[in-house]
Amino acid sequence: MKILVTGGAGYIGSIVTERLIEGGDSVVVFDNLYYGHRSAVHPDAVFVKGDLADRAAVKALFDAHPIEAVMHFASYTLVGESMQKPFMYLGGNVTNGTNLLQEAVEHGVRRFILSSTANLFDDPQQMPIDEEERIVPGSPYGESKNILERFLHWLDRIYGFRYAALRYFNAAGASPTGARGEDHDPETHLIPLTLQVALGQRERITIYGDDYPTRDGTCVRDYIHVVDLAQAHILALRALGEGSRTYNLGNGQGFTVKEVVETCRAVTGHPIPAEFGARRPGDPATLIASSEKIRRELGWEPQYPDLRTIVEHAWAWHRTHPNGYGD
Ligand code: UDP
C-alpha cells in the first residue's frame, strides 16, 4: 500500500515509517522539518518537505502521489505550550488537519489514522481509562485532537471515510534497530530528560510535584513502547475495511515519576540526582489506559510491555546519539 505519513521525520512518525517499510509498504513522508529531522526519515521513503498549512502544497502532494491511506502525526504536541499558545493549537492543529482531510477526501482517499491523545481524559471516572470514558480535554492540545476526532466521525458518515483514532498514553523507548529515537528541541519528556542527566548533559532531574494522591506522591503514567504503538497503527490500518474505530493505547500499568527515575538509575548505573519542584500546570495525577479493546478486536499484544526494556532501548539510543540526529 502507498501510505502518506505526515510528521514522518518526527519521533513516532519516523519509527512507524520504518516499520511500514520493513513490512513492504511504500511510504511518502510529508514534514516541514520544524521539529522533525531529515535523517530520521527511512532512506526508502519518499520525502517531501512541506507544510500542512499550505493547502496548495498539500494538494500538489496528493496530485503527485497515488496515496491510498494517510497516517497523520504532524502536530503541535505539548500540553503546557498549548495553555500558553491556544491559537497555535486550536488554530494550527485543526486547520492543518482540515487541509489534510479535505485534500484526502477530494483525492478519493478513504483510510486515515489519527494520532490522538490521553489528554482527552482530564477528569476520568474510571481507572484504567477505556474508550467509554467521557471526553474532557485537558488543554487546547487535547481539544484540537477532540475536534479532529469529531471531524473524522462526520467524514465517515458523509463519505464512508474509514478512520482509526489512536489515543496514545506516554510513548517512550526507541527503535530496537538503534537507528531512530526521541530528539525533541526543547526536550520536555521525563525519560529523555532523565537520561540526559545520566549522559552528563544536565545536573539533575526536577520531579514536578510530590503531593499528588498517588502511592509516592508523584504522577502516575502509562508508558508504552513506541514500537508497540507502531504495531497498533499497522493493525488498525489493516482493519479499516471493517469500519472506523477508536482505541486507547497504553500498557495498562502505571508507574510514578519516582519509579521511572529509579528505573533510569538501574539501567544507566548513574546516580541521577533528582529534586522536587512545583507541579506542572495541567498534569493530572494518574493516567493509565485500558487497551483491552484493541487487544480483543485486533489481537494487539505489546512486545515490550516492561518499563525496564523501554528505558533500555531509550538509553541505547541516547548513548549512541548524545546529540540526537545532530542537526
Ligand atoms: N515530569 C517530571 N519532570 C520532568 C518532566 C516530566 O516530573 O522534567 C513528569 C510530568 O509531570 C508527568 C510525567 O513526568 O507526570 C510524564 O511527563 P511527560 O512530559 O514525559 O509526558 P506527558 O505525561 O506530559 O505526556
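Look above for the structure.
Definitions and cut-offs
- Residues numbered from 1 in each chain as written.
- Predicted model: local features only at pLDDT ≥ 70, side-chain atom pairs only at ≥ 80, totals over all residues.
- Heavy atoms only, no water.
- Helix = DSSP H or I, 4+ residues; strand = E, 2+ residues; numbered from the N terminus.
- Rg over C-alpha atoms; globule rule 2.2 N^0.38 Å.
- Buried < 20%, exposed > 50% of the residue type's maximum accessible area, 1.4 Å probe, protein only.
- Areas by Shrake-Rupley, 256 points an atom, 1.4 Å probe, with all protein chains shown as cover.
- Lys, Arg positive; Asp, Glu negative; His and termini not counted.
- Charge placed at Lys NZ, Arg CZ, Asp CG, Glu CD.
- Core = buried A, V, L, I, M, F, W, Y, C linked by side-chain atoms within 4.5 Å.
- Contact = heavy atoms within 4.5 Å.
- Pairing = 2+ DSSP bridges.
- Axes fitted to C-alpha atoms, helices over the stretch in contact; angles between N-to-C directions.
- Parallel < 35°, antiparallel > 145°, perpendicular 65-115°, else oblique.
- Left-handed = near helix turned anticlockwise from the far one by under 90°.
- Nonpolar A, V, L, I, M, F, W, Y, C, P; charged D, E, K, R; others polar.
- Expected span 1.5 Å × (residues − 1).
- Salt bridge = Lys/Arg side-chain N within 4 Å of Asp/Glu carboxyl O.

### A look at the overall build of the chain
Then, in step 1: Secondary structure assignment for the chain yields 10 helices and 14 strands.
Then, in step 2: Radius of gyration (C-alpha) of the chain: 19 Å, near the 20 Å computed for a compact globule of 327 residues.
Then, in step 3: Taken along its principal axes, the extent of the C-alpha atoms in the chain is 55 × 45 × 40 Å.
Then, in step 4: The buried share of the chain, taken over its 327 residues, is 56%.
Then, in step 5: Split by element, the accessible area of the chain, about 13600 Å² in all, is 48% carbon and sulfur.
Then, in step 6: The positive charge centre, built from 31 side chains, and the negative charge centre, built from 42, are 2 Å apart in the chain.

### Topic: the nonpolar core
Then, in step 1: Residues Val5, Ile12, Leu20, Met71, Ile113, Leu166 and Leu249 are the most contacted members of the largest nonpolar core, which totals 38 residues.
Then, in step 2: If you list the elements that add at least two residues to this core, you get strand E1 (2-6), helix H1 (11-22), strand E2 (26-31), strand E4 (69-72), strand E6 (162-168), helix H7 (226-239), strand E11 (245-249) and helix H9 (292-298).
Then, in step 3: If one sorts the elements of this core by residue count, H7 sits on top with 9 residues.
Then, in step 4: Not counting residues within four places of it along the chain, the set of residues in contact with Val5 comprises Gly13, Thr17, Leu20, Val27, Val28, Val29, Phe30, Met71 and Phe73.
Then, in step 5: If you look at the next biggest cluster of nonpolar residues, it comprises 25 residues, including Leu190, Ile205, Cys219 and Cys264.

### Re the sheet that holds E11
Then, in step 1: Pairing within the open sheet is parallel, and its 7 strands lie in the order E3-E2-E1-E4-E5-E6-E11. On the outer flanks of this sheet lie strand E3 (46-49) and E11, each paired with one strand and no other. For this sheet, the mean angle separating the axes of adjacent strands, direction not counted, is 20°.
Then, in step 2: Seen against the sheet, helix H2 (residues 55-64) touches E1, E2, E3 and E4 and runs at an angle of roughly 170° to E2.
Then, in step 3: In the packing of helix H4 (residues 86-106) onto the sheet, contacts are made with E1, E4 and strand E5 (111-117), and the angle to E4 comes to roughly 175°.

### Overview of the packing of helix H8 (residues 257-268) against helix H10 (residues 307-320)
Then, in step 1: Axis separation between H8 and H10 bottoms out at 9 Å; the angle between their running directions is 60°. Compared by their axis directions, H8 and H10 come out oblique. Both H8 and H10 take part in a crossing whose hand is right-handed. On H10, the residues that touch Val260, Thr263, Cys264, Ala266, Val267 and Thr268 of H8 are Leu307, Arg308, Val311, Glu312 and Trp315.
Then, in step 2: For the contact of H8 with H10, a count of residues per class yields 7 nonpolar, 2 polar and 2 charged.

### Overview of H1
Then, in step 1: The terminal C-alpha atoms of H1, which comprises 12 residues, lie 17 Å apart, in line with the 16 Å expected from a rise of 1.5 Å per residue.
Then, in step 2: Buried residues of H1: Tyr11, Ile12, Gly13, Ser14, Ile15, Val16, Thr17, Glu18, Leu20 and Ile21, and no others.
Then, in step 3: Against E1, E2, E4, E6, strand E7 (170-172) and H7 lie the buried residues of H1.
Then, in step 4: Where H1 ends, the next residue or the one after it, Gly24, has phi of about 100°, a positive value.

### Digging into the pattern of salt bridges
Then, in step 1: For the structure shown, the criterion picks out 18 salt bridges.
Then, in step 2: Close ionic contact of Arg221 with Asp283 constitutes a salt bridge, the shortest N to O distance being 3.6 Å. Taken together, the residues Arg221 in strand E9 (residues 220-221) and Asp283 in the loop between strand E13 (274-277) and strand E14 (286-287) connect sequence positions 62 residues apart. In terms of burial, Arg221 and Asp283 fall into one category: buried.
Then, in step 3: Residue Glu262 pairs with Arg265 through a salt bridge whose shortest N-O separation is 2.9 Å. Taken together, the positions of Glu262 and Arg265, both in helix H8 and 3 residues apart, correspond to about one turn of that helix.
Then, in step 4: Residue class for Glu262 comes out partly exposed when judged on its relative accessible area of 45%.
Then, in step 5: Salt bridges linked by common partners bring Arg55, Glu103 and Glu106 together as one network.

### A look at unusual backbone geometry
Then, in step 1: With an omega of 0°, the peptide bond between Met127 and Pro128 qualifies as cis.
Then, in step 2: With respect to the helices, strands and loops of the structure, Pro128 is situated in the loop between E5 and helix H5 (140-159).
Then, in step 3: Pro186 follows Asp185 through a cis peptide bond whose omega is 0°.
Then, in step 4: Turning to its location among the elements, Pro186 is positioned in the loop between E7 and helix H6 (190-198).
Then, in step 5: At Leu33, a position not held by glycine, the phi torsion is positive, near 65°.
Then, in step 6: With respect to the helices, strands and loops of the structure, Leu33 is situated in the loop between E2 and E3.
Then, in step 7: Residue class for Leu33 comes out partly exposed when judged on its relative accessible area of 24%.

### Side note on the sheet that holds E14
Then, in step 1: What the 3 strands build is an open sheet, ordered E12-E9-E14; its pairing is mixed. With one partner strand each, in any of the chains shown, strand E12 (255-256) and E14 form the two edges of the open sheet.
Then, in step 2: Pairing geometry for E9 and E12, over 2 bridges, is antiparallel. Bridge assignment links Val220 to a residue of E12, and that residue is Thr256.

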